[in-house]
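# Residue-level structure breakdown
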Amino acid sequence: MATGGLTDEEIDRQRKPVQAKIREGLRTNGYWLRALWGLHEGKDAFADMRTHATYVDSIGRADLEPLAKEYLGRSRASIAVVAPKPGQ
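A short tour of the structure in this document, coming up.

Procedures and definitions
- Residues numbered from 1 in each chain as written.
- Predicted model: local features only at pLDDT ≥ 70, side-chain atom pairs only at ≥ 80, totals over all residues.
- Heavy atoms only, no water.
- Helix = DSSP H or I, 4+ residues; strand = E, 2+ residues; numbered from the N terminus.
- Expected span 1.5 Å × (residues − 1).
- Bend = angle between axes of the 7 residues up to and from the residue.
- Axes fitted to C-alpha atoms, helices over the stretch in contact; angles between N-to-C directions.
- Parallel < 35°, antiparallel > 145°, perpendicular 65-115°, else oblique.
- Contact = heavy atoms within 4.5 Å.
- Nonpolar A, V, L, I, M, F, W, Y, C, P; charged D, E, K, R; others polar.
- Salt bridge = Lys/Arg side-chain N within 4 Å of Asp/Glu carboxyl O.
- Phe/Tyr/Trp six-rings, centres within 6.5 Å; stacked < 30°, edge-to-face > 60°.
- Buried < 20%, exposed > 50% of the residue type's maximum accessible area, 1.4 Å probe, protein only.
- Patch = residues over 30% accessible without salt bridge, like charges linked within 9 Å, V, L, I, M, F, W, Y side chains within 5 Å.
- Areas by Shrake-Rupley, 256 points an atom, 1.4 Å probe, with all protein chains shown as cover.

## Describing helix α3 (residues 45-58)
Spanning 14 residues, α3 covers 19 Å between terminal C-alpha atoms, matching the ideal 20 Å at 1.5 Å per step. The sharpest bend along α3 measures roughly 45° and falls at Thr-51.

Given below as structure tokens:
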């Protein structure tokens, strides 16, 4: 992703589970409890609730590619070597 970029299909594969989670969340008490708590904290929780799904839909290649280049480059990579203990 850092060097080859992203395709629309790759972005959609990640977006769809998030959209499903948002739709499912709207049906749970926990979601609404957090929304009400946001009102208590003085946040504009209603605006957040109205725009959350459209915000997720609006994220595109132009938003993600700079982040991929910054955070997923080879210089930031970690390497893990997994091997059995000797004699096993």
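## Observations concerning the packing of helix α1 (residues 8-25) against α3
Where α1 meets α3, the axes come as close as 10 Å, and the angle between the chain directions of the two elements is 175°. In terms of orientation, α1 lies roughly antiparallel with respect to α3. Across the interface between the two elements, Arg-15, Val-18, Gln-19 and Ile-22 of α1 pack against His-52, Ala-53, Val-56 and Asp-57 of α3. Class assignment of the residues belonging to the contact of α1 with α3 gives a composition of four nonpolar, two polar and two charged.

## Structural notes on the pattern of salt bridges
Inspection of every chain in the model, using the stated rule, returns four salt bridges. Ionic pairing is found between Arg-61 and Asp-8, a salt bridge with its closest N-O pair at 2.8 Å. One end of the pair, Arg-61, is in helix α4 (residues 61-71); the other, Asp-8, is in helix α1, and 53 residues separate them in sequence.

## A look at the packing of aromatic side chains
In total, this model carries one aromatic pair according to the counting rule given. Measuring from centroid to centroid gives 5.0 Å for Tyr-31 and Trp-32, while their planes differ by 85°, and the two rings are edge-to-face. Take Tyr-31: its relative accessible area is 14%, and that puts it in the buried class. The class for Trp-32 is partly exposed, based on a relative accessible area of 39%.

## Description of a nonpolar patch on the surface
The grouping of Met-1, Leu-67, Tyr-71 and Leu-72 at the surface amounts to a nonpolar patch, some 420 Å² of accessible area in total. Among the structural elements, Met-1 can be located in the segment before α1. The exposure class of Met-1 is exposed, given its relative accessible area of 55%.

## Points about the packing of helix α2 (residues 29-40) against α3
Orientation of α2 relative to α3, taken along the N-to-C sense of each, is 140°, at an axis distance of 8 Å. Classified by the interaxial angle, the pair formed by α2 and α3 is oblique. Every residue of α3 that contacts α2 at Tyr-31, Trp-32, Ala-35, Gly-38 and Leu-39 is listed here: Ala-45, Phe-46 and Met-49. Of the residues contributing to the contact of α2 with α3, the split by class is seven nonpolar, one polar and no charged.

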